[in-house]
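Here is what each chain is made of, one letter per residue.
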Amino acid sequence: TRVLVLNGPNLGRLGSREPDVYGNQDLDALRRLLDGSADGHEIDLRQTDDEAELIGWLHEAVDSSSPVILNPAAFTHYSYALRDAAAQVTKAGGTLLEVHISNPHAREEFRHTSVISGVATGVIAGLGFDGYVLALEYVKRKLA
Ligand code: DQA
């Protein structure tokens, strides 16, 4: 099964962006890490700074019944459009896990709200790249 691992704005800058918060590994390192835990599933890791593109990828997930691991980045905190797209995945019976590298609850007040969590299957935050690996473990169990 193809697993969509979707990353929102500024996550293409991982490795150089605020390494004190996000570490110094980049998206290619994340891709390699997930490929190493794929167990025969296809990891389709993507990143965009564009809200419309990210919404389109969620529509694709609905239409192809693909499980989704989503780091919505800053869209987490205010994009009702992304929430409505995420809701389509879970309402259709699909799995959508919200992942954050940092723990937004330990950061600025505006990061304490997620408009995505209410329609996500589950949420993992604060565990760095391990959060994606653990999300993938859950997806694999569900598919098994
Ligand atoms: C993030 C947390 C968000 O608050 C922030 O806007 C990001 C990354 C994380 O992975 O910790 O861009 O989603």
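Residues numbered from 1 in each chain as written. Predicted model: local features only at pLDDT ≥ 70, side-chain atom pairs only at ≥ 80, totals over all residues.

Per an unreviewed UniProt entry, the protein goes by the name 3-dehydroquinate dehydratase and belongs to Lysobacter korlensis. Turning to the protein, the UniProt annotation filed under Catalytic activity (unreviewed entry) states: "3-dehydroquinate = 3-dehydroshikimate + H2O". (UniProt positions renumbered as here; feature names shortened; annotations may be inferred.)

Trainee: Run through unusual backbone geometry, naming residues and quoting values.
Mentor: Despite not being glycine, Glu18 has its phi angle at roughly 30°, a positive value. On the secondary structure map, Glu18 appears in the loop between β1 (2-7) and α1 (19-22). Even without glycine at this site, Ser65 takes up a positive phi of about 50°. (Helix = DSSP H or I, 4+ residues; strand = E, 2+ residues; numbered from the N terminus.)

Trainee: Please give an account of the sheet that holds strand β2 (residues 42-47) that cites residues and values.
Mentor: As summarised here, the arrangement of the five strands in space is β2-β1-β3-β4-β5, forming an open sheet in which the pairing is parallel. In this open sheet, the two strands that pair with only one neighbour each are β2 and β5 (122-125). Between one strand axis and the next, the sheet turns through 20° on average, direction left out of account. Across four bridges, β1 lies against strand β3 (residues 68-71) in parallel orientation. Within the sheet, the bridge partner assigned to Leu6 lies in β3 and is Leu70. The sheet strands contacting helix α5 (residues 130-143) are β1, β3, β4 (96-100) and β5, and the helix crosses β4 at an angle near 165°. (Pairing = 2+ DSSP bridges. Axes fitted to C-alpha atoms, helices over the stretch in contact; angles between N-to-C directions. Contact = placed C-beta atoms within 7 Å.)

Trainee: Report on the UniProt feature "active site" (unreviewed entry) in the protein, specifying residues and quantitative values.
Mentor: UniProt marks Tyr22 and His100 with the feature "active site" (unreviewed entry), using the numbering shown here. Judged by maximum C-alpha separation, these annotated positions cover 79 residues in sequence but sit close together in space, the widest gap being only 9.7 Å. Positionally, Tyr22 belongs in helix α1. Each residue touching Tyr22, except ones within four places of it in the same chain, is listed here: Leu14, Arg17, Ile101 and Ser102. Within the secondary structure, His100 sits in strand β4. His100 sits in the buried class, given 21 other C-beta atoms within 10 Å. (Buried ≥ 20, exposed ≤ 12 C-beta atoms within 10 Å, placed from the backbone.)

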